Amino acid sequence: MALREPAAERELHARGAQPYLQHTADVLAVAGVVQQAQVEMRQLDGGAVAAAVMLDTDQLAAAAVWDSRYGWRTSTSRRHPLGKDTGTPPEGEGIRYLGSGLRPEPEELLDALRDGRKGTKRPKTGPDEPNSEG
């Protein structure tokens, strides 16, 4: 069996997450939380991938961000929703980690986005924990 190049591994990782992310974004769009859009993946250092969907202006946050290491979270920035990748989970005012794992059902994410009391200041799962790939 031939070894894959790191870039090829990252591309496969991104392609594997893309259908889930697009389906989730589509559910959020039907619910009127985001505008219908094609989800674009961004490759981060260390092989992680991330994507952001802009929330409508009447939402509590500017964007919902998915990171393959930490799952869904909110972002307060429309211009740079992913933020700078420091290798640690982003924290701070307005950032809430949403859902029960890396790939929660879209309805669970929708419920958490609509209820500002839901979510945690830190992710519930990390890249070193079992089943972190969802």
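Small disclaimer: the values here were computed from a predicted structure and weren't measured.

J.: What exactly am I supposed to notice about the side chain of Asp 67 here?
T.: With respect to the helices and strands, Asp 67 occurs in strand β3 (residues 63-67). A relative accessible area of 8% places Asp 67 in the buried class. Leaving out residues up to four positions away in the same chain, Asp 67 has contacts with Leu 44, Ala 48, Val 49, Ala 50 and Leu 102.

J.: Help me understand empty space enclosed by the protein, please; the structure alone is not making it clear to me.
T.: Any empty space left between the atoms is revealed when a probe the size of a water molecule rolls over them. The tally for this structure, following the rule as stated, stands at two cavities of 30 Å³ or more. Approximately 110 Å³ is the volume found for the largest cavity. Lining the largest cavity are 14 residues, and of these Leu 44, Asp 67, Arg 69, Arg 73 and Leu 82 lie nearest its centre. Among the residues making up the lining of the largest cavity, the classes are represented as six nonpolar, three polar and five charged.

J.: Sorry, what's going on with the nonpolar core here?
T.: A general tendency of soluble globular proteins is for nonpolar side chains to be buried together. Among the nonpolar cores identified, the biggest contains 22 residues, and Leu 21 and Trp 72 are the most heavily contacted of them. Broken down by secondary-structure element, the contributors of at least two residues to this core are α1 (6-30), β2 (49-54), β3 and α2 (106-114). Per-element tally for this core: the top contributor is α1, with six residues. Membership of the second largest hydrophobic core comes to five residues, among which are Ala 48, Ala 50, Val 65 and Leu 82.

J.: Sorry if this is basic, but what is going on with the sheet that holds β2 here?
T.: Pairing between sheet strands relies on hydrogen bonds along the backbone, with the strands arranged either parallel or antiparallel. The antiparallel open sheet is built from five strands, whose spatial order is β1-β2-β3-β4-β5. At either margin of the open sheet sits one strand with a lone partner, and together these are β1 (42-43) and β5 (97-98). Bridging between strand β4 (residues 71-75) and β5 involves two bridges; their strand directions are antiparallel. By the bridge assignment, Arg 73 is partnered in β5 with Tyr 97.

J.: Before we go on, may I ask you to explain α2 in this structure?
T.: Working note: α-helix, 3.6 residues per turn, so residues spaced by three or four point in the same direction. Those residues of α2 not exposed but buried are Pro 106, Leu 109, Leu 110, Ala 112 and Leu 113. The arc enclosing the buried residues of α2, seen along the axis, measures out at 165°, which places them on a common side.

So, how was this worked out
Residues numbered from 1 in each chain as written. Predicted model: local features only at pLDDT ≥ 70, side-chain atom pairs only at ≥ 80, totals over all residues. Heavy atoms only, no water. Helix = DSSP H or I, 4+ residues; strand = E, 2+ residues; numbered from the N terminus. Buried < 20%, exposed > 50% of the residue type's maximum accessible area, 1.4 Å probe, protein only. Contact = heavy atoms within 4.5 Å. 1 Å grid on protein atoms, 1.4 Å probe; cavity = no way out; pocket = protein on both sides within 12 Å on 5 of 7 lines; lining within 4 Å. Points joined across faces, edges and corners; volume = space filled by probe spheres on them. Nonpolar A, V, L, I, M, F, W, Y, C, P; charged D, E, K, R; others polar. Core = buried A, V, L, I, M, F, W, Y, C linked by side-chain atoms within 4.5 Å. Pairing = 2+ DSSP bridges. Arc of directions from axis to C-beta.

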